[in-house]
Amino acid sequence: MLALTSLALATLHGQFQGQLPVIPGKFAPTAELLKQYETPAWFRDAKFGIWAHWGPQSVPMMGDWYARNMFMQGSAQYEDHLRRYGHPSVHGYREIIDQWKAENWDPARLMRLYKEAGARYFVSMACHHDNFDLWDSKFHSFNAVKMGPHKDVVGIWQREAKRNGMRFGVSEHMGASFTWFQVSRGSDKTGPYTGVPYEGANPSYSELYHQAAEPGDRGWYSVNRDWMKEWFNRVSDLVTNYKPDLLYSDGGLPFEEVGRTLVSNFYNQSIANHDGKLEAVYNCKQIGSGSFDAASFVQDMERGIMPRINPRPWQTDTSIGDWFYNRNWKFRDPDWVIHSLVDIVSKNGNLLLNVVQRPDGTIDPEVETLLHTVGAWMKVNGESIYGTRPWVTFGEGPTKSGGGNFREDFGFSAKDVRYVQKGSHTIYATTLGVPSSPDLTLASLASGPESGKVRAVSMLGGPRPKWTQDAAGLHITLGDLTAIKLSLVLKIDCDNNAKFKPSVTVKQAQPALRPDSNGTFMLSAATAGMDGSGPQLETKDGIENLGFWDNAEDSATWRISVPTAGRYKVIVDAATTNEGALLQVSVGTQKVVGTIPNTGDWAKFTSTEFGALRLPAGTLEVKVGAANGKPWHAINLRKIRFEPN
């Protein structure tokens, strides 16, 4: 099979004539055959991975997207580059690559540290949007073996992960590079260099910066077939030679049929390399569609958390700081890492955590302290993480977490509890903080005529608590908590985990919005609670909106405090490029449905009156989503107004 793979790559290289090479096996690049995929047990059991989001863009220590923003006059990175390196018409990104030496990088030590922190898999950056390959690339001369550190970064990380018994993955962000890097062909609009082309416009460097894109080719993924073939070539070379257990794409599945072909080849290679057993995980940010069903891969969420238990395994990717080293950012605290991990695992997810490295390859002392602290907690409580599965409910408590990408700060407290199970007789309950009171009630474990029975309760890393169970819940009197750090874990032995039927739901954490002086309620995107994995907060023209709302199952919610009953006109501010985008606004049993007109641009918003609702006095929940039984067309939602009528 490996010989066939090499032959297939050779066939593609320089001889592509409209048909991508398909590696024979169980999978093929069709939506139906890719749906055979089953997430391997190693990934479902591992729960926690560490990511090295590291490369030349670390050199300026100015954070993410430096390679692009240094060519955007007025950005902080442009000003930094101008001051430290010179104008990007002469001193371009090539100079940044040359300065990346990784001279103090000790991958063996770092991998031991990551393993001790509790990570069960490790992911290496392979190529970011800067179009620089971190492996011994056969199809691209701008790579870390020929330039910069002159080291096979991916290969070295792979070796150390294997030595430590950790699964190994790679992340490719190359698919977006072709359009992302087009700004390098621009020029200043003002000042002494007005109109002078940046380095990307120099045809001598087109291998790094790419050729000029066709007019209108500005999406996250290009429509240029030659670029699709280049992506296929390079990523196929990567997965064939380094045989990763996990491949991550930064976006949805790149390039439709081209992407499906690469994924099916990746799966078939994995089966061949593991004696007939599929061990491969493909991560991307796609929700799933007819051409690439959600059953075909493991969905990834960037800096976000699911609002509930997802039926399929999924992953959050996030960072302890900026994505690349940023001297202006503060690092996360250990409790944030642990609480995020526990919440994610309770909902059938994994956490992939970027540990930010300096350009020389080292990590800061406070990062080491964070890793040691997380590792100490995992050493005591890891059995409540590894190998667990979701229980009948993910948790209880006052804080509602999740609902879209780029939402990961929820202010958890010890009153928030998350559950997982192992086997059919063990439930773990974890408080997202250390309780200040010795008395704790877990309402989800209430007894009843046909409910499960608790047989024993113990505290991981602490003294055995006293407990009773009744119709109100499992009542626990905790012992000495001085040894408990970050979060408390209770191990609960039961007669049958599945017999419990919790009636407790996680309460809304959203504050209730009050009307303005005119009696109008302003429900902005920034104050919405999002139920679903797709919608995320983005900014257009300096105003936030809910975008990437591609799934009819997703919804947004607000709470409002109505002082007196009355009739309110419902006005929706939204944008879409679709025809017939139906939206439903409901409060209790009342609802209004309207159509968002095609505004012609995702950044062009219009106000549409949906009708009116008669609201009673009190605190009410407003829910916005797809109209029942109606087709869904994506929208960008800026705000909803309830005006007295």
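Residues numbered from 1 in each chain as written. Predicted model: local features only at pLDDT ≥ 70, side-chain atom pairs only at ≥ 80, totals over all residues. Heavy atoms only, no water.

**Structural notes on helix α11 (residues 225-242)**
So, point 1. For α11, with 18 residues, the first-to-last C-alpha span of 26 Å sits near the 26 Å given by 1.5 Å per residue.
So, point 2. Between the side-chain oxygen of the N-cap and the backbone nitrogen of D226 there are 2.8 Å, and the N-cap of α11 in question is N224.
So, point 3. In the segment just after α11, K243 is the residue with positive phi, at about 45 degrees. (Helix = DSSP H or I, 4+ residues; strand = E, 2+ residues; numbered from the N terminus. Expected span 1.5 Å × (residues − 1). Polar contact = N/O pair within 3.5 Å; in protein donor to acceptor, adjacent residues only side chain to side chain.)

**Observations regarding the sheet that holds strand β23 (residues 581-587)**
Hydrogen bonding along the main chain pairs the strands of a sheet, whether they run parallel or antiparallel.
So, point 1. Read from one edge to the other, the open sheet built from five strands follows the order β18-β21-β26-β23-β24, with strand pairing classed as antiparallel. Edge strands, defined here as strands with exactly one partner in the open sheet, are β18 (529-531) and β24 (590-596). Across this sheet, the average inter-strand angle for adjacent strands is 25 degrees, counted without regard to direction. (Pairing = 2+ DSSP bridges. Axes fitted to C-alpha atoms, helices over the stretch in contact; angles between N-to-C directions.)

**Observations regarding the confidence of the model for the protein**
Caution is warranted with low-pLDDT regions, since their predicted coordinates should not be read in detail.
So, point 1. Confidence in the prediction for the protein averages 92 pLDDT; 95% of positions are at 70 or higher.
So, point 2. Counting contacts from residues 1-17, a segment whose pLDDT is below 50, to residues more than four positions away or on other chains yields 23 contacts. (pLDDT = per-residue confidence, 0-100. Contact = heavy atoms within 4.5 Å.)

**Considerations on the sheet that holds strand β11 (residues 426-431)**
So, point 1. Taking strand neighbours across the sheet as the criterion, the five strands line up as β9-β10-β11-β16-β13 in an open arrangement whose pairing is antiparallel. Each edge of the open sheet is held by one strand with a lone partner, namely β9 (395-396) and β13 (454-459).
So, point 2. One ladder, built from six bridges, connects β11 with strand β16 (residues 488-494); its direction is antiparallel. Looking at the pairing, T426 lines up with D493 of β16.

**Here's the deal with the packing of aromatic side chains**
So, point 1. Applying the stated criterion across every chain yields a total of 33 aromatic pairs.
So, point 2. Between F178 and W227, the ring centres sit 5.3 Å apart and the planes meet at 15 degrees, which makes this aromatic pair stacked. With F178 in helix α9 (residues 177-180) and W227 in helix α11, the pair connects residues that are 49 residues apart, well separated along the chain.
So, point 3. Look at F178 and you get buried, because its relative accessible area is 0%.
So, point 4. On the accessibility criterion, W227 (6% relative accessible area) is buried.
So, point 5. Summarising the aromatic geometry, the rings of W180 and F181 are spaced 5.4 Å apart at their centres and angled 50 degrees between planes, so their arrangement reads as tilted.
So, point 6. Note on W180: relative accessible area 4%, which makes it buried. (Phe/Tyr/Trp six-rings, centres within 6.5 Å; stacked < 30°, edge-to-face > 60°. Buried < 20%, exposed > 50% of the residue type's maximum accessible area, 1.4 Å probe, protein only.)

**Description of the pattern of salt bridges**
So, point 1. A full pass over the atoms with the stated rule returns 32 salt bridges.
So, point 2. For E279, the salt bridge goes to K277, with nearest N and O atoms at 4.0 Å.
So, point 3. Owing to a relative accessible area of 51%, K277 belongs among the exposed residues under this scheme.
So, point 4. Put simply, R358 and D364 hold a salt bridge, and the shortest N to O gap is 2.6 Å.
So, point 5. In this structure, a network of salt bridges that share partners links the residues D250, K285, D300, E302 and D317. (Salt bridge = Lys/Arg side-chain N within 4 Å of Asp/Glu carboxyl O.)

**A word on the environment of W558**
So, point 1. Checked against the element boundaries, W558 lands in strand β21 (residues 555-562).
So, point 2. Taking C-alpha positions, W558 is 29 Å from I320, a pair spaced 238 residues apart along the chain.
So, point 3. A distance of 3.2 Å separates a polar atom in the side chain of W558 from a polar atom in the side chain of T527.

**Points about the pairing of strand β19 (residues 536-540)**
So, point 1. When β19 meets strand β20 (residues 543-549), the two strands line up antiparallel, connected through five bridges. The residue bridging Q536 from the neighbouring strand is G547, located in β20.

**Some remarks on the side chain of D573**
So, point 1. Tracing the sequence through the fold places D573 in strand β22 (residues 566-575).
So, point 2. On the basis of relative accessible area, D573 is assigned to the buried category, the value being 8%.
So, point 3. Within polar-contact distance, the side chain of D573 engages the side chain of R641 at 3.2 Å.
So, point 4. Beyond its immediate stretch of four places on either side in the chain, D573 contacts F605, T606, S607, N636, L637, R638, K639 and R641.

**Side note on the packing of α11 against helix α12 (residues 257-273)**
So, point 1. Packing of α11 against α12 leaves a shortest axis separation of 10 Å and a crossing angle of 10 degrees. With respect to their mutual orientation, α11 and α12 come out roughly parallel. For the pair α11 and α12, the contacting residues are M228, W231, F232, V235, S236, V239 and T240 in the first and V258, G259, T261, L262, N265, F266 and Q269 in the second.
So, point 2. A class-by-class count of the residues in the contact of α11 with α12 yields eight nonpolar, six polar and no charged. (Parallel < 35°, antiparallel > 145°, perpendicular 65-115°, else oblique. Nonpolar A, V, L, I, M, F, W, Y, C, P; charged D, E, K, R; others polar.)

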